[in-house]
Amino acid sequence: MSEQVFNKTNIFIALQYLAARKKQSFLATIGVLLGVTTFIVMINFMTGVNDFLDDAVFNGSPDIIISATTKRNSKKKPGITTNYIENSDKVDEFLEKDQNVESFAHQIISPAILISDAKQFPGSINGIFPDQEDEMVDLERRLIEGEGFQSLSSENTILLGISLAKRLQVSAGDQIKMILPNGKNIVLKVSGIFSFGITTIDNVRTYVSAATLQNLLGQNSISNIHIKLRNRDNVRLKDYLIQNINDITTEDWKDSNKTIVIGNKVRDILTWSVSFALLLVAGFGIYNILNITVIQKRKDIAVLKTIGYSSKDIVFIFLVQSLIIGILGAFFGAFFGYIISYMISTTPLDTSDFIIVDTYPINFKISYYVLGLLFGILTTIIAGYFPSRKASKVDPVTIIRGI
Amino acid sequence: MILEAQCINKYFLDPEKHQVLKEVSLSVPEGELVSVYGESGSGKSTLLYILSTLDMDFEGNLKIHNQEVKDLNASSLTDFRNKHIGFVYQFHYLLPEFNVLQNVMLPAMKLSKKNKDDIRKDALNLLSEVGMKGFAKRPSYQLSGGQQQRVAIARALINDPSLIVADEPTGNLDQKNSELIFELLKEITGSRNKAVVIATHNPKIYHNSNRSIEMIDGSIRL
Ligand SMILES: Nc1ncnc2c1ncn2[C@@H]1O[C@H](COP(=O)(O)OP(=O)(O)OP(=O)(O)O)[C@@H](O)[C@H]1O
Ligand SMILES: [Mg+2]
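Residues numbered from 1 in each chain as written. Chains lettered and ligands numbered in written order. Predicted model: local features only at pLDDT ≥ 70, side-chain atom pairs only at ≥ 80, totals over all residues. Heavy atoms only, no water.

Colleague: What's the story with the overall build of chain A in this structure? I'm lost.
Modeller: Within chain A, the secondary structure is distributed over 14 helices and 10 strands. For 403 residues, the compact-globule estimate of 2.2 N^0.38 gives 22 Å, and the C-alpha radius of gyration of chain A, at 32 Å, exceeds that figure by more than 25%. Its C-alpha atoms give chain A principal-axis dimensions of roughly 105 × 50 × 35 Å. A total of 403 residues make up chain A; the buried ones form 52% of that total. Looking at chain A alone, contacts between residues at least 24 apart form 77% of all its contacts between residues at least 6 apart. Accessible surface computed for chain A: about 19400 Å², of which carbon and sulfur atoms make up 58%. For chain A, the distance from the average site of its 39 positive side-chain charges to the average site of its 37 negative ones is 14 Å. (Helix = DSSP H or I, 4+ residues; strand = E, 2+ residues; numbered from the N terminus. Rg over C-alpha atoms; globule rule 2.2 N^0.38 Å. Buried < 20%, exposed > 50% of the residue type's maximum accessible area, 1.4 Å probe, protein only. Contact = heavy atoms within 4.5 Å. Areas by Shrake-Rupley, 256 points an atom, 1.4 Å probe, with all protein chains shown as cover. Lys, Arg positive; Asp, Glu negative; His and termini not counted. Charge placed at Lys NZ, Arg CZ, Asp CG, Glu CD.)

Colleague: Would you mind going over the pairing of strand 6 (residues 175–179) of chain A with me for this structure?
Modeller: Looking along a regular strand, one sees the side chains alternate between the two faces of the sheet. Residues and elements named next belong to chain A. The alternating pattern of strand 6 places Ile176 and Met178 on a buried face and Gln175, Lys177 and Ile179 on a face that is not buried. Bridging between strand 2 (residues 101–115) and strand 6 involves 3 bridges; their strand directions are antiparallel. Paired with Ile115 across the two strands is Lys177, which belongs to strand 6. The pairing of strand 6 with strand 7 (residues 185–194) spans 5 bridges and is classified as antiparallel. Within strand 7, the residue paired with Ile176 across the bridge is Leu188. Once strand 6 ends, the chain turns through 5 residues before running back antiparallel as strand 7, passing Gly183 with a positive phi of about 95°. (Pairing = 2+ DSSP bridges.)

Colleague: Explain the sheet that holds strand 7 (residues 163–167) of chain B here, please?
Modeller: Adjacent strands of a sheet form backbone hydrogen bonds with each other and so pair up, either parallel or antiparallel. All names here are of chain B. Strand order in the open sheet formed by 6 strands is 6-7-8-3-9-10, with mixed pairing between adjacent strands. Single-partner strands in this sheet number two, and they are strand 6 (85–88) and strand 10 (219–220). Relative to strand 8 (residues 195–199), strand 3 (residues 33–38) runs parallel, the two being bridged by 4 bridges. The residue bridging Val34 from the neighbouring strand is Val197, located in strand 8. The sheet contacts of helix 5 (residues 145–157) involve strand 6 and strand 7, and relative to strand 6 the element is tilted by about 170°. Here helix 6 (residues 175–192) sits on the sheet and contacts strand 3 and strand 8; the angle it forms with strand 3, its principal contact strand, is near 140°. (Axes fitted to C-alpha atoms, helices over the stretch in contact; angles between N-to-C directions.)

Colleague: What is the right way to read the interface of chain A and chain B from this model?
Modeller: Often the size quoted for an interface is simply the accessible area lost on bringing the parts together. Each side of the interface is counted separately: chain A has 25 residues, and chain B has 23 residues. Summed over both partners, the interface of chain A with chain B buries about 2400 Å², with 64% contributed by carbon and sulfur atoms. On the surface where chain A and chain B come into contact, there are 2 salt bridges. With a shortest N-O distance of 2.5 Å, Lys110(B) and Asp313(A) are connected by a salt bridge. Counting across the chain A and chain B interface gives 10 residue pairs in polar contact (both at pLDDT 80 or more). For the side of chain A that touches chain B, the elements supplying multiple residues, two or more each, are helix 1 (8–20), helix 11 (298–306) and helix 14 (396–402) of chain A. Taken together, the residues of the side of chain A that touches chain B sort by class into 13 nonpolar, 5 polar and 7 charged. (Buried area = accessible area lost by both parts, 1.4 Å probe. Salt bridge = Lys/Arg side-chain N within 4 Å of Asp/Glu carboxyl O. Polar contact = N/O pair within 3.5 Å; in protein donor to acceptor, adjacent residues only side chain to side chain. Nonpolar A, V, L, I, M, F, W, Y, C, P; charged D, E, K, R; others polar.)

Colleague: Explain a nonpolar patch on the surface here, please?
Modeller: A cluster of nonpolar residues, Leu328(A), Phe332(A), Phe335(A), Phe336(A), Tyr338(A), Ile339(A), Ile340(A), Tyr342(A), Met343(A) and Phe364(A), forms a patch on the protein surface that exposes about 920 Å² of accessible area. Here Ile340(A) is to be found in helix 12 (residues 311–345). (Patch = residues over 30% accessible without salt bridge, like charges linked within 9 Å, V, L, I, M, F, W, Y side chains within 5 Å.)

Colleague: What should I look at first to understand the UniProt feature "transmembrane region" (unreviewed entry) in chain A in this one?
Modeller: Residue and element names in this part refer to chain A. Mapped onto the present numbering, the UniProt feature "transmembrane region" (unreviewed entry) falls at residues 26–46, 269–290, 314–340 and 366–386. In residues 26–46, helix accounts for 100% and strand for 0%; the two terminal C-alpha atoms are 29 Å from one another. Helix and strand shares over residues 269–290 are 100% and 0% respectively, and the end C-alpha atoms of the span are 31 Å apart. (UniProt positions renumbered as here; feature names shortened; annotations may be inferred.)

Colleague: In this structure, what is going on with the site of ligand 1? I would like to understand it.
Modeller: Taken together, 15 residues surround ligand 1, and among them Ser40(B), Lys44(B), Ser45(B), Thr46(B) and His201(B) come closest. Of the chains in the model, those with residues near ligand 1 are chains A and B. Contact distances for ligand 1 include 2.7 Å between an oxygen atom and a side-chain N or O atom of Lys44(B). Residue Thr46(B) places a side-chain N or O atom 2.5 Å away from an oxygen atom belonging to ligand 1. When isolated, ligand 1 has an accessible area of 630 Å², and the protein chains bury 67% of it. It is helix 1 (residues 44–51) of chain B that provides the largest number of residues to the shell around ligand 1, a total of 3 residues. Looking at the shell around ligand 1, its residues break down into 2 nonpolar, 8 polar and 5 charged. (Near = heavy atom within 4 Å.)

Colleague: For this particular structure, what's the right way to read helix 3 (residues 88–97) of chain A?
Modeller: The periodicity of an α-helix, 3.6 residues per turn, causes residues three or four places apart in sequence to face the same way. All names here are of chain A. All of the buried residues in helix 3 are Ser88, Val91, Asp92, Phe94 and Leu95. Angularly, the buried residues of helix 3 cover 160° about the axis, an arc narrow enough to put them on a single face. Opposite the packed face of helix 3, turned more than 90 degrees from it, sit the exposed residues Asp89, Glu93, Glu96 and Lys97. Looking at the buried residues of helix 3, the elements they touch are strand 1 (64–68), strand 2, strand 9 (224–229) and helix 8 (236–244). (Arc of directions from axis to C-beta.)

Colleague: What's the story with empty space enclosed by the protein in this structure? I'm lost.
Modeller: Take a probe with the size of a water molecule and roll it over the atoms, and the empty space left behind shows itself. In the structure shown here, the tally under the stated rule is 4 cavities of 30 Å³ or more. Empty space within the largest cavity amounts to approximately 90 Å³. As for the largest cavity, its lining consists of 13 residues, of which Ile307(A), Ile85(B), Gly86(B), Arg155(B) and Ala156(B) are closest to the centre. When residues of the lining of the largest cavity are traced back to their parent elements, those giving at least two are helix 2 (74–84), strand 6 and helix 5 of chain B. Tallied by class, the residues present in the lining of the largest cavity amount to 7 nonpolar, 4 polar and 2 charged. (1 Å grid on protein atoms, 1.4 Å probe; cavity = no way out; pocket = protein on both sides within 12 Å on 5 of 7 lines; lining within 4 Å. Points joined across faces, edges and corners; volume = space filled by probe spheres on them.)

Colleague: Would you explain the packing of aromatic side chains in this entry?
Modeller: The geometry of an aromatic ring pair comes down to the distance between the two centres and the angle between the two planes. Scanning the model with the defined rule gives 21 aromatic pairs over all chains in all. Linked through ring pairs, Phe12(A), Tyr17(A), Phe318(A) and Phe98(B) together constitute an aromatic cluster. If you follow Arg205(A) out to its NZ or CZ, it ends over the ring of Phe196(A), 5.3 Å from the centre. Across from the ring centre of Trp253(A), 5.2 Å away, lies the NZ or CZ of Arg232(A), which sits over that ring. (Phe/Tyr/Trp six-rings, centres within 6.5 Å; stacked < 30°, edge-to-face > 60°. Lys NZ or Arg CZ within 6 Å of the ring centre and 35° of its normal.)

Colleague: Help me understand the sheet that holds strand 2 (residues 18–28) of chain B, please; the structure alone is not making it clear to me.
Modeller: All names here are of chain B. One open sheet accounts for 4 strands, arranged 2-1-4-5; its pairing is antiparallel. Two strands lie at the open edges of the sheet, namely strand 2 and strand 5 (67–68), each paired on one side alone. Bridge analysis of strand 1 (residues 3–12) against strand 4 (residues 59–64) gives 5 bridges, and the strand direction is antiparallel. The partner of Glu4 across the bridge, within strand 4, is Lys63.

Dropping the structure here:
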């Protein structure tokens, strides 16, 4: 094609048409702006929450947990007994061979009562092997006070979840007393306080060294094996273990975090559907405005054609109008989306029942902004295309006869 | 010859096939103003749409500026019209979003053979020629019918086309304004050496043209 439609004159004409309908053009721009802003804010917020939960829950807990089902000592009262894995060596063998296992750690878990000078509360005591556990959980990142797993190597020390520590009114360096279901008790020094940001964890979880707990329970077995996988979505190992090892149960991350997995999905669906709906509305707005313009301006279009403007020029002139609306709306939308997201990210958040954070988690990923811009501009191009094509099909003779 | 139309036949299919132009032949050299008159419905407008290449659905040969227009494809036809033909309508249609000067400039901006400053100069010259220079910056919808028609004539002239086609250019104006517009067209024909075809019902116009042609029921009366 020899003729070039992208030229100053056509853009000038398009701008003139936009300026002649300032109010409608402004409203259409606002429509796109709202769509893009909502998209940005929602996706920043929703993925922020999703990532936060993913990080807190999935990195704070193992991908697969193996626990025992037998009771070694049936004389103990139900509910407060600990079951022990009898074939832990055999399990270890399996895990060492499996390619998908990144690391695993032994634990002995027991309930206990924790008593400080001020208060007493029940807790879940995880007896761990510091070197193994370091491979599993990045506790350093989550430490509020004191030191991490390695501090458990010294005798009679304990690590507490932040909420539990607050309720017990203790801080690092203080001493607390622990009473086990079998009546044994011990005084422990709080060597560190951690927070996963999830109330259900921070409220009850404590770490002591496995040796300490085994001593008190008169046991040298373990009750759980925690496994971290290379590919978290492949949990075939679970079935394999169940089939080959007796008296164990397994639970994967999806089982233990059903509500969070579903919550993430719901948030994703919500983000995309609401943004899509808003952009659809904005698109219809533009479509409508241009369509009405084309009908009202049929005579003008006919005149433009008689004075030498081609069908392609006309398509371009109208498409540019929606494109300008789209680009302005999308850029301001992304800008306001950023401002609002930023404001949310600095809003102090009262500790809820579920998660513990100072402010709302927001994900400012640049790709969401690019996506929002593309989304907004694409909508307007599609919405503008059909009226533009209609405009280009106006037959000057028919129109001029009717003038 | 600027315009050479030979044996033009035109049919409309709606409501049934009927012939509206019958073997119409017409040649107009430069410097001649030809008016076409005749009863309403005799086919004047239909002929003018064909002569100005807006309607290409006809039988026969049409040469403008020695170019057979049927040989042009859609996009080169638009360019050809932009360059060689000026069109003036009964309802002097200016674009209301643009001011008077911009309206006159639009065809030249499409042609884009000159830069914007030169186009502006040309447009202002034309506006003063049609007596509308004082209105250059006015929005076009503020003008009276006669004033708008003069601007439309300036617009038709901006690319210096060799052929000007005007369909009842004074049809909507009072006698005095009609005469002014006609005088303007006549003067342009002479001084600028254009070929001009006017369709009109006004006897004053067709009696004072270089040549006048009567249309009867789609044919030219010989
Ligand atoms: N689109 C169309 N479809 C069918 N018939 C048409 C169409 N346009 C015009 N005609 C018919 O063609 C004939 C010529 O119409 P045209 O407009 O050329 O007449 P005219 O001489 O310009 O009349 P007037 O002086 O009223 O302007 C008329 O009978 C008209 O009804
Ligand atoms: Mg007519």
